[in-house]
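# Structural overview for review
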Amino acid sequence: RLRESLVTKEKERLEYKRRMIEANRQLKDYEKVGGKTRHAAPAKIRRPRLAGLSASPGFAQGNAHVVGTFLSSVDRHQKSRDPKVESKRFEEALARSLAELATLRVRMEPLMPESDLKIFDGHRMILEDEEFVGRIRDSITNGYTAESALFRVIEELSASMLAVADNYLRERATDFRDVGHRVLRHLRQEEKRAPFAKPTIIVAEELTLSQLTMVNHDRLAGIALQSGGVTSHAAILARAFEIPTVVGVEHLMESVLEGDQLVLDGNAGVVYVNPGTEIERDYVSLQRRYDAFKKELIEEGNAPTATRDGHRVMMFANIALLPDIHLALRYGAEGVGLLRSEFSFLTYEDFPDETQQLALYSKMLEAIGKRPVTIRTLDIGADKYPPYMRVPREDNPFLGWRSIRISLEMAGLFKVQLRAILRAAAKHNVRIMFPMISSLEELRRAKELLAESQAELFKEGLEHNPNIEVGIMVEVPSAVWLAPRLAREVDFFSVGTNDLIQYLLAADRNNPKVAHLYEALHPAVISAIAEVVNVARAADKEVCLCGEMASDPLATLLLVGMGLDELSLSPLFIPVVRKVIREVDYQTARLIARETLQMASVQEIKGYLVERYRDLGLINLVEMYR
Ligand code: PEP
Ligand code: MG
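Since the structure is predicted, the reported quantities are computational estimates derived from the model, not experimental observations.

## Some remarks on the overall build of the chain
- Across its full length, the chain holds 25 helices and 16 strands.
- Within the chain, the proportion of its 626 residues that are buried is 54%.
- Within the chain, contacts between residues at least 6 apart in sequence are counted, and of these 69% link residues at least 24 apart.
- Just so you have it, the chain exposes about 28300 Å², and 53% of that area is on carbon and sulfur atoms.

## A few points about the state of the cysteines
- Within this structure, the stated rule accounts for zero disulfides.
- The thiol sulfur of Cys544 is not disulfide-bonded, and the nearest other cysteine sulfur, from Cys546, lies at 5.8 Å.
- According to the relative accessible area criterion, Cys544 is buried, its value standing at 2%.

## What about the nonpolar core?
- Among the nonpolar cores identified, the biggest contains 127 residues, and Phe434, Phe493, Ile529 and Leu567 are the most heavily contacted of them.
- Sorting elements by how many residues they give to this core places helix α20 (residues 523–538) first, with nine residues.
- Each of domain 1 (49–69 + 198–291) and domain 3 (300–625) gives at least three residues to this core.
- Excluding anything up to four places from it in sequence, Phe434 contacts Thr377, Ile404, Phe414, Leu418, Leu443, Ala446, Lys447, Val470, Gly471, Ile472 and Met473.

## Examining the pattern of salt bridges
- Tallied over the entire structure, the rule returns 36 salt bridges.
- Between Arg312 and Glu334 there is a salt bridge; the shortest N-O distance is 2.5 Å. Placement of Arg312 in the loop between α10 (277–300) and β9 (314–319) and of Glu334 in the loop between α11 (322–330) and β10 (336–340) is noted, with a sequence separation of 22 residues between them.
- Its relative accessible area of 33% is what places Arg312 among the partly exposed residues.
- Residue Lys606 is joined to Glu519 by a salt bridge in which the shortest nitrogen-to-oxygen separation is 2.9 Å. Placement of the pair is Lys606 in helix α24 (residues 602–615) and Glu519 in the loop between α19 (497–505) and α20, with a sequence separation of 87 residues.

## Some remarks on the coordination of the magnesium ion (ligand 2)
- Taken together, the protein donors to the magnesium ion (ligand 2) comprise Glu475 (OE) and Asp499 (OD), at separations of 2.0 to 2.1 Å. Of this pair, Glu475 sits in the loop between β13 (469–474) and α17 (477–481) while Asp499 sits in helix α19, placing them 24 residues apart in sequence. For the residue pair Glu475 and Asp499, the accessibility class agrees, reading buried in each case.

## A short note on the pairing of strand β12 (residues 430–434)
- By the criterion of burial, β12 is predominantly enclosed, with five of the five residues buried.
- In terms of strand pairing, strand β11 (residues 373–376) meets β12 through four bridges, oriented parallel. Looking at β12, one finds that Thr374 is bridged to Arg431.
- When β12 meets β13, the two strands line up parallel, connected through four bridges. Paired with Arg431 across the two strands is Glu469, which belongs to β13.
- Read from β12 through helix α16 (residues 440–460) to β13, the crossover connection turns out right-handed.

## Some points on empty space enclosed by the protein
- Going through the model one piece at a time under the given rule, you end up with three cavities of 30 Å³ or more.
- The space that makes up the largest cavity amounts to roughly 50 Å³.
- Phe351, Leu378, Ile380, Ile406, Ser407, Met410, Leu413 and Phe414 are the residues that line the largest cavity.
- Taken together, the residues of the lining of the largest cavity break down into seven nonpolar, one polar and no charged.

## Some words on the environment of Tyr272
- Mapped onto the elements, Tyr272 comes out in strand β8 (residues 270–273).
- Taking the C-alpha atoms as reference points, Tyr272 and Ala51, 221 residues apart in sequence, are found 8.7 Å from one another.

## A few points about the site of ligand 1
- For ligand 1, the set of nearby residues contains 14 residues, the closest of which are Arg340, Arg376, Gly496, Asn498 and Arg509.
- Between Arg376 and ligand 1, the recorded distance is 2.8 Å, taken from a side-chain N or O atom to an oxygen atom.
- For ligand 1, whose accessible area on its own is 280 Å², the fraction buried by protein is 99%.
- Elements that contribute at least two residues to the shell around ligand 1 include exactly β10 and α19.
- At three residues, α19 tops the list of elements feeding residues into the shell around ligand 1.

## A short note on the confidence of the model for the chain
- Summing up the model confidence of the chain, the mean pLDDT is 85 and the portion of residues at 70 or higher is 84%.
- Every residue in residues 23–44 is under pLDDT 50, and counting partners more than four places away or in other chains gives 13 contacts.

## Some points on unusual backbone geometry
- Even without a glycine there, the phi angle at His251 is positive, about 65 degrees.
- Residue placement: His251 occurs in the loop between β6 (245–247) and α9 (252–255).
- Although it is not a glycine, Asp540 adopts a positive phi angle of roughly 60 degrees.
- Counting through the fold element by element, Asp540 comes out in the loop between α20 and β15 (542–545).
- Relative accessible area serves as the criterion here: at 70%, Asp540 is assigned to the exposed category.

## Regarding the packing of α11 against helix α13 (residues 354–368)
- Across the interface, α11 lies against α13 with an axial gap of 10 Å and an inter-helix angle of 10 degrees. Between α11 and α13, the crossing angle belongs to the class labelled roughly parallel. Where α11 crosses over α13, the two elements pack in a sense that is right-handed. Every residue of α13 that contacts α11 at Leu322, Ile325 and Leu329 is listed here: Lys363, Met364, Ala367 and Ile368.

## Let's talk about the side chain of Ser568
- In this fold, Ser568 is placed in strand β16 (residues 566–569).
- The class of Ser568 is buried, set by a relative accessible area of 0%.
- Here Gly337 takes part through its backbone nitrogen, which lies 3.3 Å from a polar atom of the side chain of Ser568.

## Quick word on the packing of aromatic side chains
- This structure, assessed with the given rule, holds six aromatic pairs.
- Where Tyr272 meets Tyr283, the ring centres are 5.5 Å apart and the plane angle is 50 degrees; that geometry is what we call tilted. Note that Tyr272 is positioned in strand β8 and Tyr283 in helix α10, a separation of eleven residues in sequence. Across this residue pair, the class does not change: Tyr272 and Tyr283 are buried.
- Where Phe345 meets Phe351, the ring centres are 6.3 Å apart and the plane angle is 70 degrees; that geometry is what we call edge-to-face.

Rules used in this analysis
Residues numbered from 1 in each chain as written. Chains lettered and ligands numbered in written order. Predicted model: local features only at pLDDT ≥ 70, side-chain atom pairs only at ≥ 80, totals over all residues. Heavy atoms only, no water. Helix = DSSP H or I, 4+ residues; strand = E, 2+ residues; numbered from the N terminus. Buried < 20%, exposed > 50% of the residue type's maximum accessible area, 1.4 Å probe, protein only. Contact = heavy atoms within 4.5 Å. Areas by Shrake-Rupley, 256 points an atom, 1.4 Å probe, with all protein chains shown as cover. Disulfide = S-S within 2.5 Å. Core = buried A, V, L, I, M, F, W, Y, C linked by side-chain atoms within 4.5 Å. Domains from an automatic or database assignment. Salt bridge = Lys/Arg side-chain N within 4 Å of Asp/Glu carboxyl O. Donors = N, O, S within 2.8 Å, 3.2 Å for Na, K, Ca; no water. Pairing = 2+ DSSP bridges. Right-handed = clockwise from strand over helix to strand, strands pointing away. 1 Å grid on protein atoms, 1.4 Å probe; cavity = no way out; pocket = protein on both sides within 12 Å on 5 of 7 lines; lining within 4 Å. Points joined across faces, edges and corners; volume = space filled by probe spheres on them. Nonpolar A, V, L, I, M, F, W, Y, C, P; charged D, E, K, R; others polar. Near = heavy atom within 4 Å. Polar contact = N/O pair within 3.5 Å; in protein donor to acceptor, adjacent residues only side chain to side chain. pLDDT = per-residue confidence, 0-100. Axes fitted to C-alpha atoms, helices over the stretch in contact; angles between N-to-C directions. Parallel < 35°, antiparallel > 145°, perpendicular 65-115°, else oblique. Left-handed = near helix turned anticlockwise from the far one by under 90°. Phe/Tyr/Trp six-rings, centres within 6.5 Å; stacked < 30°, edge-to-face > 60°.

Structure (structure tokens):
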């Protein structure tokens, strides 16, 4: 690891130097032409290692297929020979596009929540819109080819939408272009793409839903996207189809050419461009081991997770949207430890009302069955705002108006959510959890609103759970300090290391510049977790850990040894963490935790853990997933 990271650093340093030389050269070229604005076209900068975010795990190797916005390949001035022929072509393509959308909706139904499926309805409505279709027809009558007419109308409409600084309209512009791609494909009689001849990795700025569903998945080995977050539609679908995917890859489009040989590491969120045989060989072996491991895990089945000597650890899943539930069940989650309710909110066009939320939660809970589910109330703000919410610009959004702070201020909206959760909990095994609690006042106010909602439901005679368990995320340092006092007023704690680390170490969780400072295995982080666990146990309250740290197999034994017997993690990592737990005795984990808690530096802790995992024969697993 260390060696690898040193090598990487050295490579990055050399790359930086090379870029500086290149920049200098370009500047010189510019000077040579005497300050005229014409200078050498910037050559593609070839970066060998591109970092992004893991959106769907697994490894892939293959040739790059760069998906452009192929609408832009249309000549907007192309005149037709015969408008009648063009008009017939257009009407046929339109009909085929509509039929395709209908089929697609049915196919996607089990994979996506109702709110997401609406995207297909939205696209259908565009194609049925008289004004939209009428303008294309007019343009064809005026002598343009069907392609040109389509392109012109889409460009005009999306340009006017993009000109408005309104997120909603901007997104609609994307929908128009997406619809345009679909019709264009039918105009060109391009049926679903033939299977790729060789394993292929799709490279794109962004991938719309229709582009992704157009691709033949046979030899689709992976997906790399420059934009897009882990929760973009493409990322969600990729996860549902289990296609290794890395998103948010900076400089991707300028670094990759069609046909380049790529290695994609969906576990670490890295893409290598023409990496050379050494890295390729490493990845071939990693991929082989990963596949074998996955197969072995499936054969092992989903028996409860326990150490060799029978100490039980509950494995829960973190989920955001409906498709995650299928994965959670497939990978043997015993329930949901964190349902991030805000992600569904991001897919609506306005705040969903009580009925919509009740339907949403019920659909998710139905899919999960009898297993316990912890629904976290809205955790919006900072890096995730629904498009319909107007928010002030803040200098420090992570220290600003986010999460429970928004909920408590917008008490009306908050109560709508509380009521919907309470009602959904009437028939299912649900607990409620408040995020980002930093004081007793916040917890008490949230509980007050919960009690009010219960009283209202009671009065209205609506079926609900009057005794729902209430817990909080411990993810702000003040909550660690207050843990003994908070414990008296809740049923459970869930340690949110993603935020806790950033607040304890003052290192933004999303800022690559300080990524090296954002460290789960920091002694301060570990003692904070130990403190929360001890307090919870002393107060006889349940405690879970639901940050990304729970999916790091190198941290597993430490966490279990500290007394955490509930972990909640991304479903795809459940098998590896379960495997680690099954391979050791509880006493070994206890010892590891005890020793680690004495240590003073990250380096010491990591070095020690690597050694222990090596002794236990578990280091291979760690290397594969880390
Ligand atoms: C956390 O902060 O650890 C957590 C689980 O919540 P989120 O990642 O949604 O902020
Ligand atoms: Mg958090």
